[in-house]
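# Tertiary structure, described
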Amino acid sequence: METLPVYDIPMLVSAINFLLRDELFNDLDEICEHYNLQRSELEQKMKDAGFEYSEELKKFW
């Protein structure tokens, strides 16, 4: 995946969870680094849309 669909929140949640589930990345920090995203901004955007990141489960839900 060359880019993340940052303007389509449901697709973004799905893409990030896919990358983590299939162990292409170890954690959200690696994804943010790879795609040049600020983790705090990403998490706030997701939170505003009703999603929360779980470190324990390694996914947005």
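Residues numbered from 1 in each chain as written. Predicted model: local features only at pLDDT ≥ 70, side-chain atom pairs only at ≥ 80, totals over all residues. Heavy atoms only, no water.

### A few points about the packing of helix 1 (residues 9-21) against helix 3 (residues 39-48)
The condition is simple: Angular values range over 0 to 180 degrees, each being the angle between N-to-C directions of two axes fitted as lines to C-alpha atoms, with helices fitted over their stretch in contact. The secondary structure listing takes helices from DSSP runs of H or I that are at least 4 residues long and strands from runs of E that are at least 2 residues long, numbered from the N terminus. For this classification, under 35 degrees means roughly parallel, over 145 means roughly antiparallel, 65 to 115 means roughly perpendicular, and everything else is oblique. Two helices cross in a left-handed way if the nearer one is turned anticlockwise from the farther one by less than a right angle. They cross in a right-handed way if the turn is clockwise. Contacts between residues were defined by any pair of non-hydrogen atoms, one from each residue, lying within 4.5 Å. Classification convention: Asp, Glu, Lys, Arg as charged; Ala, Val, Leu, Ile, Met, Phe, Trp, Tyr, Cys, Pro as nonpolar; all other residues, Gly among them, as polar.
As a packed pair, helix 1 and helix 3 sit with axes 11 Å apart at the nearest point and diverge in direction by 125 degrees. Classified by the angle their axes make, helix 1 and helix 3 are oblique. The way helix 1 lies across helix 3 gives a crossing that is left-handed. Residues Ile-9, Leu-12, Val-13 and Ile-16 of helix 1 form the contact with helix 3, whose own contacting residues are Leu-42, Lys-45 and Met-46. Counted by class, the contact of helix 1 with helix 3 contains 6 nonpolar, no polar and 1 charged residues.

### Here's the deal with the nonpolar core
For clarity, the cut-off: In this description, a nonpolar core means a group of buried Ala, Val, Leu, Ile, Met, Phe, Trp, Tyr and Cys residues linked to one another through side-chain atoms lying within 4.5 Å. Type-normalised accessible area, obtained with a 1.4 Å probe on protein chains alone, sets the label of each residue: buried when under 20%, exposed when over 50%, and partly exposed for intermediate values.
Leu-4, Ile-16, Ile-31 and Met-46 are the most contacted members of the largest nonpolar core, which totals 17 residues. Going through the elements one at a time, helix 1, helix 2 (28-34) and helix 3 are the ones with two or more residues in this core. Considering each element in turn, this core owes the most residues, 7 residues, to helix 1. Setting aside residues no more than four positions away along its own chain, Ile-31 makes contact with Leu-4, Ile-16, Leu-19, Leu-20 and Phe-25.

### Some thoughts on unusual backbone geometry
Even without being a glycine, Asn-36 presents a positive backbone phi close to 55 degrees. For Asn-36, a relative accessible area of 71% translates into the label exposed. The backbone phi angle of Lys-58 is positive, close to 55 degrees, even though this residue is not glycine.

Geometric values such as these leave the question of function open.
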